[in-house]
Amino acid sequence: MFLNHLSIRIRLLTPLQRNILCANSLGELTGLHIRHQHYSNGTGNFRIEKDKDFAVMYMKRRPANGYSLDFVKEMTANILDVEGDPAMEGLVITSDIPKLFSGGLDFKMAYQKPKEEMMEFWRAFQEAFLVLYGTRLATVAAINGHCYAAGAVSALACDSRIMVKGPYCITLNEVAIGVVIPFWIRDLLRCTVGHRQAERAMQLGTIYNAEEALRIGMVDEAVDEDKLMDSVREEMGRFLKIQGVPRAKCKQELRGKFLRNLRERREEDAHQMAEDATSDLVQNNIAAFLASRSRRE
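It should be emphasised that the depicted structure is a prediction, and the values quoted were computed from it without experimental measurement. (Residues numbered from 1 in each chain as written. Predicted model: local features only at pLDDT ≥ 70, side-chain atom pairs only at ≥ 80, totals over all residues. Heavy atoms only, no water.)

### What about the nonpolar core?
- By size, the foremost hydrophobic cluster in this structure holds 90 residues, and its most contacted members are Ile170 and Trp184.
- The dominant element in this core, judged by the number of residues it contributes, is helix H6 (residues 115–134), at twelve residues.
- Among all residues touching Trp184, those that are not within four sequence positions of it are Trp122, Phe125, Gln126, Phe129, Val153, Phe258, Leu262 and Asp269. (Core = buried A, V, L, I, M, F, W, Y, C linked by side-chain atoms within 4.5 Å. Buried < 20%, exposed > 50% of the residue type's maximum accessible area, 1.4 Å probe, protein only. Helix = DSSP H or I, 4+ residues; strand = E, 2+ residues; numbered from the N terminus. Contact = heavy atoms within 4.5 Å.)

### Here we look at helix H4 (residues 69–83)
- Relative to the 21 Å expected for 15 residues at 1.5 Å per residue, H4 spans 21 Å between its end C-alpha atoms, a close match to the ideal helical length.
- The element H4 is extensively covered by neighbouring structure, given that eleven of its 15 residues are classed as buried.
- Within the span of H4, buried status applies to Leu69, Phe71, Val72, Glu74, Met75, Thr76, Asn78, Ile79, Leu80, Val82 and Glu83. (Expected span 1.5 Å × (residues − 1).)

### Brief notes about the side chain of Gln283
- With respect to the secondary-structure elements, Gln283 resides in helix H14 (residues 280–296).
- For Gln283, a relative accessible area of 11% corresponds to the buried category.
- Sequence-distant contacts of Gln283, that is, excluding residues within four places in its chain, are made with Ala110, Tyr111, Gln112, Ala277 and Thr278.

### So, the environment of Ala124
- For Ala124, the location among the structural elements is in helix H6.
- Taking the C-alpha atoms as reference points, Ala124 and Thr76, separated by 48 residues in sequence, lie 8.5 Å from one another.
- Apart from the residues lying within four places of it in its own chain, the contact partners of Ala124 are Leu69, Val72, Lys73 and Thr76.

### Focus: the packing of helix H8 (residues 183–193) against helix H9 (residues 195–204)
- Taken N-terminus to C-terminus, the directions of H8 and H9 make an angle of 135°; their axes are 7 Å apart at the nearest point. It follows that H8 is oblique to H9 by the angle criterion. For the pair H8 and H9, the sense of crossing is right-handed. For the pair formed by H8 and H9, the contact residues are Arg186, Leu189, Arg190 and Val193 on the first element and His195, Gln197, Ala198, Ala201 and Met202 on the second.
- Here the residues of the contact of H8 with H9 are counted per class, giving five nonpolar, two polar and two charged. (Axes fitted to C-alpha atoms, helices over the stretch in contact; angles between N-to-C directions. Parallel < 35°, antiparallel > 145°, perpendicular 65-115°, else oblique. Left-handed = near helix turned anticlockwise from the far one by under 90°. Nonpolar A, V, L, I, M, F, W, Y, C, P; charged D, E, K, R; others polar.)

### A look at the pairing of strand E2 (residues 46–50)
- With burial as the criterion, only one face of E2 is covered, namely that bearing Phe46, Ile48 and Lys50; the residues Arg47 and Glu49 on the opposite face remain uncovered.
- Bridging between E2 and strand E3 (residues 54–59) involves five bridges; their strand directions are antiparallel. Paired with Lys50 across the two strands is Ala55, which belongs to E3.
- Between the end of E2 and the start of E3, which pair antiparallel, lie three residues. (Pairing = 2+ DSSP bridges.)

### Side note on the packing of H6 against helix H7 (residues 149–157)
- Between H6 and H7, the least distance of the axes is 9 Å, while the angle of their chain directions is 25°. In terms of orientation, H6 and H7 fall into the roughly parallel class. Considering only the axes of H6 and H7, their crossing is right-handed. Mapping the contact onto sequence places Phe125, Phe129, Leu132 and Tyr133 in H6 and Ala150, Val153, Ser154 and Ala157 in H7.
- Tallied by class, the residues present in the contact of H6 with H7 amount to seven nonpolar, one polar and no charged.

### Re the pairing of E3
- Counting buried residues in E3 gives six out of six residues, a clear majority hidden from the surface.
- Here E3 shows a buried face lined by Phe54, Val56 and Tyr58 and a second buried face lined by Ala55, Met57 and Met59.
- In this structure, E3 lies alongside strand E4 (residues 90–95), joined through six bridges in parallel fashion. Directly across from Val56, in E4, lies its bridge partner Val92.
- With respect to chirality, the unit in which E3 leads through H4 into the neighbouring parallel E4 is right-handed. (Right-handed = clockwise from strand over helix to strand, strands pointing away.)

### Looking at the environment of Leu130
- Following the sequence through the fold, Leu130 ends up in helix H6.
- Distance in space between the C-alpha atoms of Leu130 and Ala157 is 8.7 Å, their sequence separation being 27 residues.

### Considerations on the pattern of salt bridges
- According to the stated counting rule, one finds 21 salt bridges in the structure shown.
- Between Asp81 and Lys50 there is a salt bridge, with the nearest N and O atoms lying 3.6 Å from each other. In this pair, Asp81 is assigned in helix H4 and Lys50 in strand E2, connecting sequence segments 31 residues apart.
- A residue is classified by how much of its surface remains accessible, and Asp81, at 27% relative accessible area, is partly exposed.
- Owing to a relative accessible area of 6%, Lys50 belongs among the buried residues under this scheme. (Salt bridge = Lys/Arg side-chain N within 4 Å of Asp/Glu carboxyl O.)

Below, the structure is given as structure tokens:
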């Protein structure tokens with residue numbers, strides 16, 4: 001019975017994910033000895049903790065969990081690693097940095113870089129999103145503090161978002177530095193909060209606290225800081241009560257059209273982002289931001 005269930009789950013995986021499974025040891029394949037496993041990868045951007053049936057992925061790239069090329073590639077690899085473990089049914093994404101989920105794009109990486117480098121980064125970011133948004137795993141974003149731009153995209157890619165109350169914000173504010181928000185991120189927010197709220201949020205670069213984000217549907221719960229992980233475990237429990245295979249197939253069917261559209265337009269999107277990011281307007285705004293941060297430091 002176990003092997004039949006396992007074979008169904010394996011068929012849901014992509015060829016790359018099945019290769020990861022084949023490379024695992026028999027013990028990892030059955031999940032018999034994976035309990036509270038702790039490990040960190042070599043670059044130090046993430047820490048993964050595996051419990052009985054879900055993993056917690058902590059972002060820990062200081063100072064602000066900035067999204068760089070290495071960071072997003074590592075994020076993708078970590079999600080695939082958890083997904084390739086048949087014992088795992090869920091994934092929590094959070095931050096090891098107090099009061100900060102993510103500051104979004106690493107501006108140093110985007111400053112005075114050629115278009116080819118920006119396209120390489122954007123393709124990697126697209127891939128991280130596609131893997132996270134399309135995963136069979138139940139996913140919960142535990143937003144422990146400020147959540148900007150690319151960090152908000154990763155949170156929105158999850159099945160559920162729980163954010164701490166307090167002086168923290170969540171925003172897709174790329175318009176503030178002159179970037180036109182890509183079509184798929186516009187669609188992602190529209191799917192989450194509805195057309196009217198998405199229009200206002202993206203045109204104005206609106207910054208929301210937890211209660212405001214809850215009110216428009218950008219997050220699913222707003223909780224006190226000391227209740228965050230308890231609330232996350234409860235939410236994950238609600239997902240994991242549902243059998244994994246039908247839940248995953250339902251999710252993938254609902255998101256399939258969105259995912260296919262992005263895959264078909266990836267190069268068009270990467271070219272447009274590179275054009276925007278290397279424009280004089282955006283580069284001048286990034287320079288001003290970096291100068292301001294340097295003065296504060």
